[in-house]
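Okay, here's what each chain looks like letter by letter:
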Amino acid sequence: MIKQALISVSDKTGVVDFSRALHAMGVNILSTGGTAKLLAEQGIPVTEVADYTGFPEMLDGRVKTLHPKIHGGILARRDFPTHVSALQQHGIPTIDMVVVNLYPFQQTVSKAECSLEDAIENIDIGGPAMLRSSAKNHKDVVVICDPQDYTRVLEEMRSHQGNDVDVTYETRFALAKKVFGHTAQYDGAINNYLTSLGPDQQHANRSAYPQNLNVHFEKVQEMRYGENPHQSAAFYRDLNAPDGALAKYTQLQGKELSYNNIADADAAWECVKTFDQSQAACVIVKHANPCGVALADTPCAAYKKALQTDPTSAFGGIIALNRTVDGEAAQAIAQQFVEVLIAPSFTAEAKQVFAGKQNVRLLEIPLGIFGAAVNAYDMKRVGGGLLVQSPDSKNVLVDEFKIVTKKQPTPQQLQDLLFAWRVAKFVKSNAIVFCGNGMTLGVGAGQMSRVDSARIAAIKAQNAGLTLAGSAVASDAFFPFRDGLDVVVDAGATCVVHPGGSMRDQEVIDAADERGVVMALTGTRHFRH
């Protein structure tokens, strides 16, 4: 039976209603500081911890719940006669529920004006101690660290009211596991911050890469297998995943997502988000590479243009759109075999179209803020270690292009170059992308030689029956020699964009002048390995 609860929260969301409900069920409430004041102001009977322990809160609040009458009441096992006897001997009642969330450390250190002293004072001591004590003794103590669990606990208490068990063991254990995850994340955040500080201990000079890096994810699902059937796999979500991240998907229908589905869906979704919503954008990905990308006035038109680039590779691919999928787009897409279709939303008509194709996985994901980075870090495992970098979130704008040839681009060429550059960012290196009129024409990906990528891109366009005359070409890194440039110009390109930075840049620029084409440099490389 839950007879006494200790409530001390920084996040006071829902705590008044929750406490009122506990009081109505006859639960005595202990509390501290601001929480006790809030409950008293709302007319909820509450006993201050200092009055309960007979020892005043001290050291500016650093010591208030660190007392045997608190931790004895939490940690005592009710099924151990020696524990029960010890409580009786020292006059310590049991505490049957602990509701605690912690000082806002992460919110504090995210502020530009934060000082080391601010950070230190927002390291909670009593809160984690009570949470860990309660979680350790979860068989006898219900512990809550998340306001979202208030309703679940109250519903169980009401359904069992009058019985010996107020909250089931399954719920108690689930809440305890959540607490240990919460305190691990909290301690990890403290460690990340403190080990990011340099010798001067200045918040403004901290490193983006702490000496000890703690990251925390929660499992979304286990999968049938990984990249290959002999590999096991699971998908984990970043606990701080922002809007716009693939991990925020809602699956409307379809089979369970596979490891490769999620990897390719992320590539498609990240690429389509690069384009603002002034036009509908469609990206088709196969084996981690865009095989068709296009812009148009409607989602349907964008899809049909994207499909033209490489309809063979698009079979069984992943499709992402940056606009709501309507009935017209759904009808067009449903005519081909698609593994996953991703969009910000689907109309009722579109859902009805795919209702008859239950194997097609439909994912809804909020777009988030245009141009915003999704992850704080990009990570890649290597043998015995982890490579960590900032995400490649830079989107070069037209006015950042440096035109280095005698021939100047037309407004249409500038738009084609920008489009090609946006796509090349998401193609595996070495990447060469032919584009024109808001669509990809040929994509060469993942070759050891940039010249081979250029030849493959041209062959792809030829196989799809697309002309490269007058096309724009993007190269994810510089042309080390003129041979790659000659290949794309021979294929029909009239303008080229690449980062520049080679010791032979001038040789390649002279070649562009010789061939009478436009060349723009971005100063930004987009290797993708």
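Whatever comes next refers back to the structure up there.
Read on for a plain summary of the structure. A quick note: this is a predicted structure, and the numbers were derived from the prediction, not measured.

1. A closer look at the overall build of the protein chain
Reasoning step 1: Scanning the protein chain from terminus to terminus reveals 19 helices and 21 strands.
Reasoning step 2: Principal-axis analysis of the C-alpha atoms gives the protein chain an extent of 95 × 60 × 45 Å.
Reasoning step 3: Sorting the 529 residues of the protein chain into buried and exposed places 48% on the buried side.
Reasoning step 4: In the protein chain, of all internal contacts separated by at least 6 residues, the share reaching a separation of at least 24 is 56%.
Reasoning step 5: For the protein chain, the exposed area adds up to about 25100 Å²; of that, 51% sits on carbon and sulfur atoms.
Reasoning step 6: Measuring between centres, the 49 positive side-chain charges of the protein chain sit 3 Å from its 56 negative side-chain charges.

2. Some details on the packing of aromatic side chains
Reasoning step 1: Scanning all chains against the criterion turns up eight aromatic pairs.
Reasoning step 2: With a centroid separation of 6.0 Å and an interplanar angle of 5°, the aromatic rings of Tyr169 and Phe173 are classed as stacked. In this pair, Tyr169 and Phe173 are both assigned in helix H10 (residues 169–194), four residues apart and thus about one turn of the helix distant.
Reasoning step 3: Tyr169 sits in the partly exposed class, given a relative accessible area of 43%.
Reasoning step 4: Residue classification places Phe173 among the partly exposed positions, given a relative accessible area of 35%.
Reasoning step 5: Look at Phe235 and Tyr249: their rings are 6.4 Å apart centre to centre, the planes differ by 20°, and that puts the pair in the stacked class. One end of the pair, Phe235, is in strand S7 (residues 233–238); the other, Tyr249, is in the loop between S7 and strand S8 (250–253), and 14 residues separate them in sequence.
Reasoning step 6: When its relative accessible area of 13% is taken as the criterion, Phe235 is described as buried.
Reasoning step 7: A relative accessible area of 12% means that Tyr249 is categorised as buried.

3. Some words on the layout of surface pockets
Reasoning step 1: What the second largest pocket holds in volume is close to 820 Å³.
Reasoning step 2: Going through the elements one at a time, helix H6 (105–109), H10 and strand S6 (217–223) are the ones with two or more residues in the lining of the second largest pocket.
Reasoning step 3: Residue contributions to the lining of the second largest pocket peak at seven residues, all from H10.
Reasoning step 4: The class makeup of the residues in the lining of the second largest pocket is ten nonpolar, ten polar and five charged.

4. What about the environment of Ile7?
Reasoning step 1: Within the fold, Ile7 resides in strand S1 (residues 4–9).
Reasoning step 2: Overall, Ile7 belongs to the buried group, its relative accessible area being 0%.
Reasoning step 3: In sequence terms Ile7 and Pro81 are 74 residues apart; their C-alpha atoms lie 27 Å from each other.
Reasoning step 4: Beyond its immediate chain neighbours, meaning those up to four positions away, Ile7 contacts Val15, Ser19, Leu22, Ile29, Leu30, Ser31, Thr32, Thr35 and Val99.

5. Here's the deal with the pattern of salt bridges
Reasoning step 1: Under the defined criterion, the tally for this structure stands at 19 salt bridges.
Reasoning step 2: For the salt bridge of Glu400 with Lys394, the shortest nitrogen-to-oxygen distance reads 3.2 Å.
Reasoning step 3: Judged by its relative accessible area of 34%, Glu400 is partly exposed.
Reasoning step 4: On the basis of relative accessible area, Lys394 is assigned to the partly exposed category, the value being 38%.
Reasoning step 5: Two residues, Arg482 and Asp486, come together in a salt bridge whose shortest N-O distance is 2.9 Å. With Arg482 and Asp486 both in helix H18 (residues 482–491), this residue pair falls four residues apart, about one helical turn.
Reasoning step 6: Three or more residues joined by partner-sharing salt bridges are found here, namely Arg482, Asp486, Asp490, Glu514 and Arg515.

6. Considering the pairing of strand S10 (residues 289–296)
Reasoning step 1: Of all eight residues in S10, eight are buried, a share of seventy percent or more.
Reasoning step 2: Across seven bridges, strand S9 (residues 280–286) lies against S10 in antiparallel orientation. Across the sheet, residue Ile284 finds its bridge partner in S10, namely Gly292.
Reasoning step 3: Linking two consecutive strands that pair antiparallel, namely S9 and S10, is a turn of two residues; a positive phi of about 50° is found at His287 within it.

7. Quick word on the sheet that holds strand S2 (residues 28–31)
Hydrogen bonding along the main chain pairs the strands of a sheet, whether they run parallel or antiparallel.
Reasoning step 1: If you walk across this open sheet you meet the five strands as S3-S2-S1-S4-S5, and the pairing is parallel. Here the strands that pair on one side only, and so sit at the sheet edges, are strand S3 (47–48) and strand S5 (142–144).
Reasoning step 2: By the bridge criterion, three bridges tie strand S4 (residues 97–101) to S5 in an arrangement that is parallel. Note on S5: the bridge partner recorded for Val98 is Val143.
Reasoning step 3: Against the sheet, helix H1 (residues 15–24) makes contact with S1, S2, S4 and S5, and its axis sits at roughly 170° relative to S1, the strand it touches most.
Reasoning step 4: In the packing of helix H2 (residues 33–41) onto the sheet, contacts are made with S1, S2 and S3, and the angle to S2 comes to roughly 135°.

Reading the values: the criteria
Per chain, residue numbering runs from 1 following the sequence as it is written. The predicted origin of the model limits local features to residues at a pLDDT of at least 70 and limits the giving and counting of side-chain atom pairs to 80 or more, whereas totals for whole chains, interfaces and linings rest on all residues. Note that the side-chain values use all heavy atoms of the structure and ignore hydrogens as well as water. The helix count covers DSSP runs of H or I at least four residues long, the strand count covers runs of E at least two residues long, and both are numbered beginning at the N terminus. Each residue is placed in one exposure class: buried if its accessible area under a 1.4 Å probe, protein chains only, is under 20% of its type's maximum, exposed if it is over 50%, and partly exposed if it falls in between. Here a residue-residue contact requires only that any non-hydrogen atoms of the pair lie within 4.5 Å. Note that accessible areas follow from Shrake-Rupley with a 1.4 Å probe, and for residues the cover is restricted to the protein chains shown. Here the positive residues are Lys and Arg and the negative ones are Asp and Glu; neither His nor the chain ends is included. In plain terms, the charge of a residue is placed at NZ if it is Lys, CZ if Arg, CG if Asp and CD if Glu. Stacked, tilted and edge-to-face are the three classes applied to pairs of Phe, Tyr and Trp rings, where Trp contributes its six-membered ring and a pair requires centres within 6.5 Å; stacked means planes under 30 degrees apart, edge-to-face means over 60, and tilted covers the rest. Here a cavity denotes grid points, spaced 1 Å and computed from the protein atoms alone, that fit a 1.4 Å probe unable to get out, and a pocket denotes an open set having protein on both sides within 12 Å along at least 5 of 7 lines; residues with an atom within 4 Å of a point are the lining. Grid points are joined across faces, edges and corners, and a volume is the space filled by probe spheres set on the points. Three classes are used: nonpolar for Ala, Val, Leu, Ile, Met, Phe, Trp, Tyr, Cys and Pro, charged for Asp, Glu, Lys and Arg, and polar for all others, with Gly counted as polar. Any Lys or Arg side-chain nitrogen located within 4 Å of an Asp or Glu carboxyl oxygen qualifies as a salt bridge. For two strands to be treated as a pair, DSSP must find at least two bridges joining them. Orientation is described by lines fitted to C-alpha atoms, with helices fitted over the stretch in contact, and by angles between N-to-C directions that extend from 0 to 180 degrees.

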